[in-house]
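# Coordinate inspection notes
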Amino acid sequence: MKYLIEDEIERFKYADNDEQRREIVDRIQKKIEDKKVVVYGAGAVGRVIADIFETLQITIEFFVDRKFYDIKEVNGIPVYNIENLVKCNDKQYVLIIAIDFQLFLEFQSEIGDNIEKYCPKIDVIGHGRELALIFRYNICKRRLDRGETFSIVDCIDCGGESRGCSVLETYL
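The shown structure was predicted, so the numbers you read here are calculated from the model rather than taken from an experiment. (Residues numbered from 1 in each chain as written. Predicted model: local features only at pLDDT ≥ 70, side-chain atom pairs only at ≥ 80, totals over all residues. Heavy atoms only, no water.)

Turning our attention to the pattern of salt bridges. Tallied over the full model, the rule gives 11 salt bridges. Residue Glu10 pairs with Lys13 through a salt bridge whose shortest N-O separation is 3.0 Å. Of this pair, Glu10 and Lys13 both sit in helix H1 (residues 6–13), 3 residues apart, which is roughly one turn of that helix. Here Asp145 ties to Arg22 by a salt bridge, and the two come within 2.6 Å at their closest N and O atoms. Linking Asp145 in helix H5 (residues 128–145) with Arg22 in helix H2 (residues 18–33), this pair joins segments that are 123 residues apart in sequence. Given the relative accessible area of 44%, Asp145 is considered partly exposed. Connected through shared salt-bridge partners, Asp18, Arg21, Arg22, Lys141 and Asp145 make up one network. (Salt bridge = Lys/Arg side-chain N within 4 Å of Asp/Glu carboxyl O. Helix = DSSP H or I, 4+ residues; strand = E, 2+ residues; numbered from the N terminus. Buried < 20%, exposed > 50% of the residue type's maximum accessible area, 1.4 Å probe, protein only.)

Of all the bends in helix H4 (residues 101–118), the greatest measures close to 70° and is centred on Phe107. Buried within H4 we find Phe104, Ile111, Asn114, Ile115 and Tyr118. (Bend = angle between axes of the 7 residues up to and from the residue.)

Counting buried residues along strand S2 (residues 36–40), 4 of its 5 residues qualify, which places the element largely inside the surrounding structure. Note: S2 against strand S6 (residues 93–97), 5 bridges, orientation parallel. When the sheet's bridge partners are listed, Val38 is paired in S6 with Leu95. Where S2 meets strand S3 (residues 60–64), 4 bridges bridge the pair, whose relative direction is parallel. Looking across to S3, one finds that Val37 is bridged to Ile60. Handedness of the crossover is the feature at issue here: the chain leaves S2, passes through helix H3 (residues 44–56), returns alongside S3, and the resulting connection is right-handed. (Pairing = 2+ DSSP bridges. Right-handed = clockwise from strand over helix to strand, strands pointing away.)

Here it is in structure tokens:
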């Protein structure tokens, strides 16, 4: 198991300007576009990733979730049990951990054990929520640069007002 973009996520957090952020986002997106994407977690964070990836035209192959029997699909993408990760034991896949931080802390060892058991060769993005926020920022920034309007509700849903999003500040 290799973590794929952890350094880029950290660089994005401390980038000095929008140009640096855009370059980081482009590098992250290129690394993901070259892979088959599987998402670990079909709850709120997984649904946000599905929506953002649909906007970016990045295909998600499937989700895995412990509650696969309750959650059959997300945006038309199937949700399977964890054992289906065995299909992804290959470098052509990337696994995005899309679990709320508190849940991640609670189940971190179980998640790691499942990855090691079923797909140890896979590349992993351990911070799916941060990845979603980075991509959301980039989508909004490009809309703003093109002079498009967007709903302030999207910013509230994203949490931009509480994180100090520069796109939201510029938009207002």
